[in-house]
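Descriptive structure summary
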Amino acid sequence: MTNTPPVNPKTSRKQQILETLAFMLEDNPGERISIAALAKSVGVSEAALYRHFPSKTKMLEGLIEFAEDAVLSRASLIANDQLSAFEKLERITYVYLMFCERNPGITRLLTGDAISGERDRLHARVRKFFDRLNTEMRQILRKAELAEGLHLQLSINETVSLVQACVEGHIAAFVRSHFKEIASNSWQKKWQCLSLGLINNTL
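Residues numbered from 1 in each chain as written. Predicted model: local features only at pLDDT ≥ 70, side-chain atom pairs only at ≥ 80, totals over all residues. Heavy atoms only, no water.

1. Quick look at the packing of helix α5 (residues 85–102) against helix α7 (residues 120–147)
Where we set the bar: Simply put, an axis is a line fit to the C-alpha atoms, just over the touching stretch for a helix, and the angle between two N-to-C directions goes from 0 to 180 degrees. A helix here means a DSSP run of H or I that spans at least four residues, while a strand means a run of E at least two residues long, and both kinds are numbered starting from the N terminus. Should an angle fall under 35 degrees it is called roughly parallel, over 145 degrees roughly antiparallel, and 65 to 115 degrees roughly perpendicular, with every other angle called oblique. In this scheme the crossing of two helices becomes right-handed for a clockwise turn of the near helix relative to the far one and left-handed for an anticlockwise turn of less than a right angle. A contact between two residues is defined here by any heavy atoms of the two lying within 4.5 Å. Amino acid classes used here: Ala, Val, Leu, Ile, Met, Phe, Trp, Tyr, Cys and Pro are nonpolar; Asp, Glu, Lys and Arg are charged; the rest, including Gly, are polar.
Between α5 and α7, the shortest axis-to-axis distance is 9 Å and the interhelical angle comes to 165°. In terms of axis orientation, α5 runs roughly antiparallel to α7. Between α5 and α7 the crossing geometry is right-handed. From α5, A85, F86, K88, L89, I92, T93 and Y96 reach across to α7, where they touch F129, F130, L133, E136, M137, I140, L141 and A144. Counted by class, the contact of α5 with α7 contains 12 nonpolar, one polar and two charged residues.

Structure representation (structure tokens):
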């Protein structure tokens, strides 16, 4: 049975639709969410849904936008903190992992699991999310090379790619376990091992 988020009288109908969609994505892995099913869960007609969103694609984009606001805005703040480059990367990756833990339905969007067969622009929007996240990490490392004398074993692009691959591995396992395998589990310990291998201490 599909759960629905508790109704908050201060929640707008538009927000309620997005929250319900996120819950349905979490509760129905591998299934496409129909407008009819979403309308039934929200407790409105399909026509009422379309008064707030012109299409299902726009609804899914709204969830991706929420992820952008939550993760990327925090990443930008961390990038400006008075921390070392690798402390910043650790915090950014942890923020992303925690966001995924708290928002399993949206996580299915970000991994592509929930948008198979959907419009190309949704896939492009997800790619843009990761491009912006990776750009933030690349800029952090680039500044550290200049200001801190940081030396990496790999190029900046290769380093960020490796970090992202490790994070995505955690997220994929989280989704594959139907959200039972905690995404952030032991991440700090694993990060310590990973970061030691990324720095070139021979120079």
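Next, the rest of the story.
2. Details of unusual backbone geometry
Although it is not a glycine, H178 adopts a positive phi angle of roughly 55°. Residue S186 is not a glycine yet carries a positive backbone phi of 60°. Along the chain, S186 turns up in the loop between α8 (156–176) and α9 (187–198).

3. Some details on the side chain of S177
Inclusion rule: In protein, a polar contact means a hydrogen-donor-capable atom and an acceptor-capable atom, both N or O and within 3.5 Å, with residues adjacent in sequence counting only if both atoms are side-chain atoms; elsewhere, any N or O pair within 3.5 Å suffices.
Examined against the element boundaries, S177 turns out to sit in the loop between α8 and α9. Separated by 2.9 Å, the side chain of S177 and the backbone oxygen of F174 make a polar contact. Here the side chain of S177 touches K180 through a polar contact of 3.1 Å, landing on its backbone nitrogen.

4. Quick notes on the environment of I35
Of note, I35 is situated in helix α2 (residues 35–42). For the pair formed by I35 and T111, sequence separation is 76 residues and the distance between their alpha carbons is 22 Å. Those residues within four positions of I35 in sequence are excluded, and the remaining contacts are E46, L49, Y50, K56 and M59.

5. Observations concerning the pattern of salt bridges
To keep things clear, this is the line we draw: Here, a salt bridge means any Lys or Arg side-chain nitrogen found within 4 Å of an Asp or Glu carboxyl oxygen. Burial classes follow relative accessibility: with a 1.4 Å probe on protein chains only, a residue under 20% of its type's maximum area counts as buried, one over 50% as exposed, and anything between as partly exposed.
Throughout the structure, instances matching the rule amount to four salt bridges. Here R121 ties to E61 by a salt bridge, and the two come within 3.2 Å at their closest N and O atoms. Residue R121 is found in helix α7, and its partner E61 is found in helix α4 (residues 56–79); the two are separated by 60 residues along the sequence. On the basis of relative accessibility, which here comes to 39%, the residue R121 falls in the partly exposed class.

6. Structural notes on the nonpolar core
This is how the line gets drawn: Think of a nonpolar core as a cluster: buried Ala, Val, Leu, Ile, Met, Phe, Trp, Tyr and Cys residues, connected wherever their side-chain atoms sit within 4.5 Å.
Within the largest apolar cluster, 60 residues are counted, with the highest numbers of intra-cluster contacts made by L38, M59, Y96 and L141. Residue assignment for this core shows that the elements contributing at least two residues are α1 (13–27), α2, α4, α5, α6 (104–110), α7, α8 and α9. No other element matches α4, which puts 10 residues into this core. Ignoring any residue separated from it by four or fewer positions in sequence, one finds L38 in contact with I17, T20, L21, M24, I33, L49 and M59.

7. Overview of the packing of α5 against α8
Each packed pair of helices is defined by two parameters, the angle between the axes and the distance between the axes. Two elements in contact, α5 and α8, have axes separated by 11 Å at closest approach and are oriented at 15°. Classified by the angle between their axes, α5 and α8 sit roughly parallel to one another. The chirality of how α5 crosses α8 is right-handed. Listed contacts from α8 to T93, Y96, L97, C100 and E101 of α5 are V163, Q164, V167, H170, I171 and F174. Looking at the contact of α5 with α8 residue by residue, the class counts come to seven nonpolar, three polar and one charged.

That is the geometry; function is a separate question.
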